[in-house]
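If you want the building blocks of each chain, they are given just below.
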Amino acid sequence: MASAPGDATLGHHLARRLVQVGVSDVFAVPGGFNLTRLDHLIAEPGLRVVGCCNELNTGCAAHEYARTRSVGACAVAFTVGGLSVLNAIAGA
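What you see is a predicted model; the values in this text were computed from it and never measured. (Residues numbered from 1 in each chain as written. Predicted model: local features only at pLDDT ≥ 70, side-chain atom pairs only at ≥ 80, totals over all residues. Heavy atoms only, no water.)

A. A look at helix 3 (residues 55-69). With 15 residues, helix 3 should cover 21 Å at 1.5 Å per step; its first-to-last C-alpha distance of 21 Å lies within 8% of that length. Of all the residues in helix 3, the buried ones are Glu-55, Thr-58, Gly-59, Ala-62 and Tyr-65. Buried residues of helix 3, seen end-on, are gathered within an arc of 130° and therefore sit on one face of the element. Across helix 3 from its buried face, at more than 90 degrees, point the exposed residues Arg-67 and Thr-68. Along its buried surface, helix 3 packs onto strand 1 (25-28), strand 3 (74-75) and helix 4 (80-91). Looking at where helix 3 begins, the residue whose side-chain oxygen comes 3.2 Å from the main-chain nitrogen of Leu-56 is Asn-54. Two residues or fewer after helix 3 comes Ser-70, characterised by a positive phi angle close to 80°. (Helix = DSSP H or I, 4+ residues; strand = E, 2+ residues; numbered from the N terminus. Expected span 1.5 Å × (residues − 1). Buried < 20%, exposed > 50% of the residue type's maximum accessible area, 1.4 Å probe, protein only. Arc of directions from axis to C-beta. Contact = heavy atoms within 4.5 Å. Polar contact = N/O pair within 3.5 Å; in protein donor to acceptor, adjacent residues only side chain to side chain.)

B. Structural context of the nonpolar core. With nine residues, the main nonpolar core is built from Ala-15, Val-23, Val-26, Ala-28, Leu-38, Leu-41, Leu-47, Ala-73 and Ala-75. Ignoring sequence-local partners within four residues, the contact set of Ala-15 consists of His-40, Leu-41, Glu-44 and Leu-47. With five residues, the next largest nonpolar core counts Phe-27, Val-29, Ala-62 and Tyr-65 among its residues. (Core = buried A, V, L, I, M, F, W, Y, C linked by side-chain atoms within 4.5 Å.)

C. Expanded view of the pairing of strand 1. Burial along strand 1 is two-sided: Asp-25 and Phe-27 facing one way and Val-26 and Ala-28 facing the other are all buried. Note that strand 1 and strand 2 (residues 48-51) share four bridges and pair parallel. In the strand pairing of strand 2, Val-26 is matched with Val-49. Pairing geometry for strand 1 and strand 3, over two bridges, is parallel. Within strand 3, the position partnered with Phe-27 by the bridge is Cys-74. (Pairing = 2+ DSSP bridges.)

Such coordinate-based values are descriptive only and should not be taken to indicate function.
This is how it looks when you write it as structure tokens:
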């Protein structure tokens with residue numbers, strides 16, 4: 001479904017591209033600074049947001065998903081959340 005030019009947002013584009021590259025599940029920790037992005041992910045057909053307990057679990061889940069599907073994705077808030085998910089990336 002094509003969007004009207006006024007409806008085009010970065011979040012909508014990212015969600016659409018995730019589906020195009022083969023992601024069907026995005027692992028996420030909802031937080032105050034990523035709720036709008038999660039709204040775009042939830043609204044995208046063919047994409048499911050899987051809630052996780054913390055950022056480390058989110059990163060580990062996305063890593064294992066990528067091992068079986070070639071690409072994985074996670075969504076966390078920036079700063080502390082982003083730094084925490086780096087532990088999972090470093091251990092991958």
